[in-house]
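Commentary on secondary and tertiary structure
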Amino acid sequence: MNVILDALAAALDTIDSDHAGFLAEFTEVGLGGTKARRLWRELMSTKTYRYQSEYAQQLRAEGEARSVLKVLEQRGVQVPDAVRERVMACTDTDLLDELLVRSLKVSSAEELFG
């Protein structure tokens with residue numbers, strides 16, 4: 001099954017990203033609640049595809065948000081609930097990348113967005 005999903009993912013690389021994104025989503029939905037769908041989601045979320053499914057993008061954003069909070073926690077920076085909620089609600093991975101870099105330097109969690 002992995003071979004088929006890998007081949008399908010590779011085939012998506014041969015078409016434009018808009019169509020590939022649609023087909024990736026269509027494939028995910030079409031696989032229903034099967035083991036193949038779980039494998040497809042894993043494949044789409046662990047590889048860097050320019051047309052990642054919405055689910056994969058959501059997972060990446062959530063992981064990056066958790067990383068920002070973990071860095072602050074490890075540095076001993078207190079994170080108020082309002083900041084925690086704002087970070088976890090963020091879905092812009094470019095902004096989350098910036099926040100991760102800032103989390104290494106800020107002295108307060110509020111400075112992340114400043």
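What you are looking at is a predicted structure, and each value in this text was computed from that prediction instead of being measured.

1. Concerning the side chain of Glu 64
Looking at the secondary structure, you find Glu 64 in helix α4 (residues 54–74). Ignoring sequence-local partners within four residues, the contact set of Glu 64 consists of Thr 93, Leu 96 and Asp 97.

2. As for the environment of Glu 62
Mapped onto the fold, Glu 62 is located in helix α4. As a C-alpha pair, Glu 62 and Asp 92 span 30 residues in sequence and 10.0 Å in three-dimensional space.

3. Observations regarding the nonpolar core
Of all hydrophobic cores here, the largest spans 15 residues; its most connected members are Leu 72, Val 87, Leu 96 and Leu 112. Within the residue set of this core, elements represented by two or more residues are α4, α5 (81–89) and α6 (93–103). When near neighbours in sequence (up to four residues on either side) are disregarded, Val 87 contacts Ala 65, Val 68, Leu 69, Leu 96, Leu 112 and Phe 113. Membership of the second largest hydrophobic core comes to eight residues, among which are Leu 5, Ala 9, Leu 12 and Leu 43.

4. Things to note about the packing of aromatic side chains
Per the counting criterion, the structure on display carries zero aromatic pairs. Over the ring of Phe 113 we find Arg 86; its NZ or CZ atom is 3.7 Å from the centre of that ring.

5. Re the pattern of salt bridges
Inspection of every chain in the model, using the stated rule, returns seven salt bridges. Where Arg 37 meets Glu 28, a salt bridge forms, and the shortest distance between an N and an O atom there is 3.7 Å. Residue Glu 28 is classed as buried on the basis of its relative accessible area, which comes to 4%. Here Glu 62 makes a salt bridge to Arg 66, at a shortest N to O gap of 3.2 Å. Note that Glu 62 and Arg 66 are positioned in helix α4 at a spacing of four residues, about one turn of the helix.

Definitions and limits used
- Residues numbered from 1 in each chain as written.
- Predicted model: local features only at pLDDT ≥ 70, side-chain atom pairs only at ≥ 80, totals over all residues.
- Heavy atoms only, no water.
- Helix = DSSP H or I, 4+ residues; strand = E, 2+ residues; numbered from the N terminus.
- Contact = heavy atoms within 4.5 Å.
- Core = buried A, V, L, I, M, F, W, Y, C linked by side-chain atoms within 4.5 Å.
- Buried < 20%, exposed > 50% of the residue type's maximum accessible area, 1.4 Å probe, protein only.
- Phe/Tyr/Trp six-rings, centres within 6.5 Å; stacked < 30°, edge-to-face > 60°.
- Lys NZ or Arg CZ within 6 Å of the ring centre and 35° of its normal.
- Salt bridge = Lys/Arg side-chain N within 4 Å of Asp/Glu carboxyl O.

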